[in-house]
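Listed below are the residues making up each chain.
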2 protein chains.
Amino acid sequence: MSEKVSSRKQQVRAEDVARHAGVSRVSVSRTFTPGASVSDATRAKVLKSAEILGYRVNRLASSLNRSESGIVALVAAEIDTPHRSAMIAELSDRLQAAGKVTMLINTSGYEERVKDALLQAISFRTEAAIILSGAPDPSLADTCFSNGMKLVLINREEDFPGSLQIGPDNRAAGKTALKALLRAGCKRIALANSANATWSIVERQKGFIAAAEEAGVDVLCEVDGFTSYQAGLELGTALLDREDRPDGIFCTTDLIACGVIDAARQRFGLRTPDDLSVIGFDNIQQAEWEGYDLTTFAQPTDLIIDKCLEWCTTEQPSSETVKLPAKFVWRNSVQKARVPMR
Amino acid sequence: MSEKVSSRKQQVRAEDVARHAGVSRVSVSRTFTPGASVSDATRAKVLKSAEILGYRVNRLASSLNRSESGIVALVAAEIDTPHRSAMIAELSDRLQAAGKVTMLINTSGYEERVKDALLQAISFRTEAAIILSGAPDPSLADTCFSNGMKLVLINREEDFPGSLQIGPDNRAAGKTALKALLRAGCKRIALANSANATWSIVERQKGFIAAAEEAGVDVLCEVDGFTSYQAGLELGTALLDREDRPDGIFCTTDLIACGVIDAARQRFGLRTPDDLSVIGFDNIQQAEWEGYDLTTFAQPTDLIIDKCLEWCTTEQPSSETVKLPAKFVWRNSVQKARVPMR
DNA sequence: CTGATTATTGTACACGTTTGCATCTGCATA
DNA sequence: TATGCAGATGCAAACGTGTACAATAATCAG
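Conventions we followed
- Residues numbered from 1 in each chain as written.
- Chains lettered and ligands numbered in written order.
- Predicted model: local features only at pLDDT ≥ 70, side-chain atom pairs only at ≥ 80, totals over all residues.
- Heavy atoms only, no water.
- Helix = DSSP H or I, 4+ residues; strand = E, 2+ residues; numbered from the N terminus.
- Rg over C-alpha atoms; globule rule 2.2 N^0.38 Å.
- Buried < 20%, exposed > 50% of the residue type's maximum accessible area, 1.4 Å probe, protein only.
- Contact = heavy atoms within 4.5 Å.
- Near = heavy atom within 4 Å.
- Polar contact = N/O pair within 3.5 Å; in protein donor to acceptor, adjacent residues only side chain to side chain.
- Nonpolar A, V, L, I, M, F, W, Y, C, P; charged D, E, K, R; others polar.
- Domains from an automatic or database assignment.
- Right-handed = clockwise from strand over helix to strand, strands pointing away.
- Pairing = 2+ DSSP bridges.
- UniProt positions renumbered as here; feature names shortened; annotations may be inferred.
- Axes fitted to C-alpha atoms, helices over the stretch in contact; angles between N-to-C directions.
- Salt bridge = Lys/Arg side-chain N within 4 Å of Asp/Glu carboxyl O.
- Parallel < 35°, antiparallel > 145°, perpendicular 65-115°, else oblique.
- Left-handed = near helix turned anticlockwise from the far one by under 90°.

A. Local environment of the overall build of chain A. A count of helical and extended segments in chain A gives 12 helices and 12 strands. Relative to a compact globule of 342 residues, whose C-alpha radius of gyration would be 20 Å, chain A shows 26 Å and is clearly more extended. When each of the 342 residues of chain A is scored for burial, the buried share is 54%. Partitioning the contacts of chain A with sequence separation of at least 6, the portion at a separation of at least 24 is 69%.

B. Spotlight on the protein's contact with DNA strand D. Around DNA strand D there are 27 residues in total, and R13(A), S29(A), N65(A), S24(B) and R30(B) lie nearest to it. When the atoms of DNA strand D within 4 Å of the protein are sorted by group, sugar and phosphate make up 60%. At 2.4 Å from a phosphate oxygen of DNA strand D is found a side-chain nitrogen or oxygen belonging to S29(A). Here R30(B) contributes a side-chain N or O atom positioned 2.7 Å from a base oxygen of DNA strand D. Looking at the surface near DNA strand D, the elements with two or more residues in it are helix 2 (25–31) and helix 4 (59–66) of chain A together with helix 2 (25–31) and helix 4 (59–66) of chain B. The residue makeup of the surface near DNA strand D, split by class, is 8 nonpolar, 11 polar and 8 charged.

C. Looking closely at the domain arrangement of chain A. Under the domain assignment, chain A is made up of domain 1 (14–57), domain 2 (69–169 + 301–325) and domain 3 (170–298). If you average the C-alpha positions of domain 1 of chain A and of domain 3 of chain A, the two centres end up 62 Å apart.

D. Representation of the protein's contact with DNA strand C within the structure. Around DNA strand C lies a shell of 28 residues, among which S24(A), R30(A), R25(B), S29(B) and N65(B) are the nearest. Expressed as a percentage, the sugar and phosphate content of the atoms of DNA strand C within 4 Å of the protein is 59%. In this structure, S29(B) approaches DNA strand C through a side-chain N or O atom, which is 2.3 Å from a phosphate oxygen. Between DNA strand C and A61(B) there is a distance of 3.5 Å, counted from a base nitrogen to a backbone nitrogen or oxygen. At the level of elements, helix 2 and helix 4 of chain A together with helix 2 and helix 4 of chain B are the ones that each hand at least two residues to the surface near DNA strand C. Tallied by class, residues from the surface near DNA strand C come to 9 nonpolar, 11 polar and 8 charged.

E. Summary view of the side chain of Q205(B). Tracing the sequence through the fold places Q205(B) in helix 9 (residues 199–215). In this structure, Q205(B) is in contact with L191(B), N193(B), V223(B) and T252(B), ignoring residues within four places of it in sequence.

F. How the structure looks around the pairing of strand 4 (residues 150–154) of chain B. Residue and element names in this part refer to chain B. Most of strand 4 is tucked away: 5 of the 5 residues are buried. Burial of the side chains of strand 4 extends over both faces: K150, V152 and I154 are buried on one face and L151 and L153 on the other. For the crossover that starts at strand 3 (residues 128–131), traverses helix 7 (residues 138–146) and ends in the parallel strand 4, the hand is right-handed. One ladder, built from 4 bridges, connects strand 4 with strand 5 (residues 163–168); its direction is parallel. Counted as the bridge partner of I154 is I166 from strand 5.

G. Representation of the UniProt feature "domain: HTH lacI-type" (unreviewed entry) in chain A. Taking the UniProt record as the reference, the feature "domain: HTH lacI-type" (unreviewed entry) is found at residues 12–66 of chain A. Secondary structure over residues 12–66 of chain A splits into 67% helix and 0% strand, and the C-alpha atoms at its two ends are 21 Å apart.

H. Just the environment of S108(B), in detail. Residue and element names in this part refer to chain B. Among the structural elements, S108 can be located in the loop between strand 2 (101–106) and helix 6 (113–123). On a C-alpha basis, the gap between S108 and D282 in space is 20 Å, while along the polypeptide they are 174 residues apart. In this view, S108 contacts A76, A77, E78 and R113; residues no more than four positions away in its chain are not counted. Of the polar contacts made by the side chain of S108, one reaches the backbone nitrogen of E78; its length is 2.8 Å.

I. Layout of the sheet that holds strand 11 (residues 320–324) of chain A. Reading across from one edge, 11(A)-5(A)-4(A)-3(A)-1(A)-2(A)-2(B)-1(B)-3(B)-4(B)-5(B)-11(B) is the order of the 12 strands in this open sheet, with mixed pairing throughout. Edge strands, defined here as strands with exactly one partner in the open sheet, are strand 11 of chain A together with strand 11 (320–324) of chain B. Here the average twist between neighbouring strands, direction ignored, is 20°. Its contacts with the sheet place helix 5 (residues 82–97) of chain A against strand 1 (71–76), strand 2 (101–106), strand 3 (128–131) and strand 4 (150–154) of chain A together with strand 2 of chain B, and it is angled at close to 80° to strand 2 of chain B.

J. The arrangement of the pattern of salt bridges in detail. Tallied over the full model, the rule gives 25 salt bridges over all chains. For D93(B), the salt bridge is made with R113(A), and the minimal N-O distance between the two is 2.8 Å. Of the two residues, D93(B) is situated in helix 5 (residues 82–97) and R113(A) in helix 6 (residues 113–123); the pairing between them involves two chains. Looking at D93(B), the relative accessible area reads 25%, which means it is partly exposed. We classify R113(A) as buried; its relative accessible area is 10%. In this structure, the salt-bridge partner of E112(B) is K115(B), at a minimum N-O distance of 4.0 Å.

K. Highlighting the packing of helix 5 of chain A against helix 12 (residues 301–313) of chain A. All names here are of chain A. Where helix 5 meets helix 12, the closest approach of the two axes is 11 Å, and the angle between their N-to-C directions is 40°. Classified by the interaxial angle, the pair formed by helix 5 and helix 12 is oblique. Here the hand of the crossing between helix 5 and helix 12 comes out right-handed. Contacts between helix 5 and helix 12 involve M87, E90, L91, R94 and L95 from the first element and T301, D302, I304, I305, D306 and L309 from the second. Residues that form the contact of helix 5 with helix 12 fall into these classes: 6 nonpolar, 1 polar and 4 charged.

Right under this line is the structure:
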């Protein structure tokens, strides 16, 4: 018998429900369209039949003629990094709460991938693309715009008209870090940073150094490796191995800070904050762990996301650059103030 | 003048490209359809015009009549957890490499959310849903199937015909853990587990206990809190505070293990592996950190994903349950063997 | 009971693609 | 030259929705 089963007839369509409920197809559509006019009787019939048949509105088709896909692209590399994963968790949660659907695009690996990511986003008529790492080619950004897509760059500052650029005030945080170390009475101050740092991270370093120059203190800069725990281990080892061993280190990232603290403890037998003061950035989960108890800066994640969502849901948003203050989180990796304030 | 700007005319359509290139609309479609018949001349014209106009095939529309969306849903809670985020990173990467697009659905929070997640996945005619946490209502699973969707449950064992259930062999790992502690010469063996553990985690505990009974040794079970670092801290504190302080602890999760190790070090001045042997599970990044150097089990992530992708891309896959061996990763949180093997 | 008003339903088209079929062109073969 | 054939192109019909507009049924004031 039916030897040629059409492989298409898989899905449950509105028409199937209509037939089953004995109503018109549009009544089905109206039942699932908020604010449409259907009598309670037919709505009830439709809902019942839909339940039985397992019908769900096909949002691909629906998006097609309403030209609103409801999809937002999240473009990120190194998703398994503590700070990044926390950001993605928050973002996806909030997007969902706002009725949006998140499409995750992993751009780890070759750099070309952020381009492919955006092309993919365009193909799916994503309403917006939130870029957590890497920056797109300007011409590609134009293609995004010409397809009615919004662009958000987090922690990245390029000259992108038409996009929202948002992130913490890294420079200010760098300054605060220096002041905190001075106030803790540190005499030999150092900075540990990755040699492959992003723009955002370099800003922290610049803020720190600028504040040091302003205060007239020398700062020892150790810059090497990637932005990782392992790099922190190496950076810490290099710093602590010196003749003039530093007693206060600002690490541009919590991961680096954890590495530095472990280097101090495991390789030199030094403890924070007694022998060494350490400050990080990001406030990752591990910063709270009892083995680190790291004084650090919390990214203003909530505020960033608030702004992000608000911007994405306005009709014709204008280009904007927003810097939000990072919150200084006092824990116990910095010596208690030995120098009075002011 | 044009006071009623149609807010729809945003996108660049195939027709625009066709007009610009002076060819038929279908030629545009064929240019972007692999294996379609177009002359090199027209293809070139089309590609050029598409480039200029910034045209990208609308995959929503394309999915509509090919009934292949290319989208795969990733359903997960607690995305910012080390193991989970690593899994998501790998999965999204591999899916992308396989030409699929990943839709991330965060189900943290109320339990009802996994239901909503699947409904959303159905709405977008997702080709498959990979569920990393929580299990769907069986009737809902049927709705998935009736819409031609595939279901994969990772680390979850329910009776779900029509789905792929895959994960590590947790029981076997539990047994291995016990043997390792015995071989290390531990005399008072304990187990630390969350009170809100998932099925998969409970299996590890069962395997451990079963092996202990078989070997005729007592094991002290401390079960409390959530599956987190903080719980580990509490569990470790409770265990090490006892009169008969254990000298070997199997933690059902690396996060718990890190908490236990920190409790030992920070609160009791005990060190691994000298004073205490600890084994974890998951092989998260922090397990490798020098402050923990944790002996643990690596989830067979690659194999799981291999199987996952293979299963999802076969035409009519049959229900299947797959257990893959977890790899024992020797580091330095367990005393070197004092008892000869065998 | 009639006419006006409103609530509901049906018709037809649009959204942007892909694809089966038919047409057309050019070219080699008989 | 007529025939066959392969490749390129156009036409039209789908895919599953939402919605403007017309048509119908129900309600209500007089």
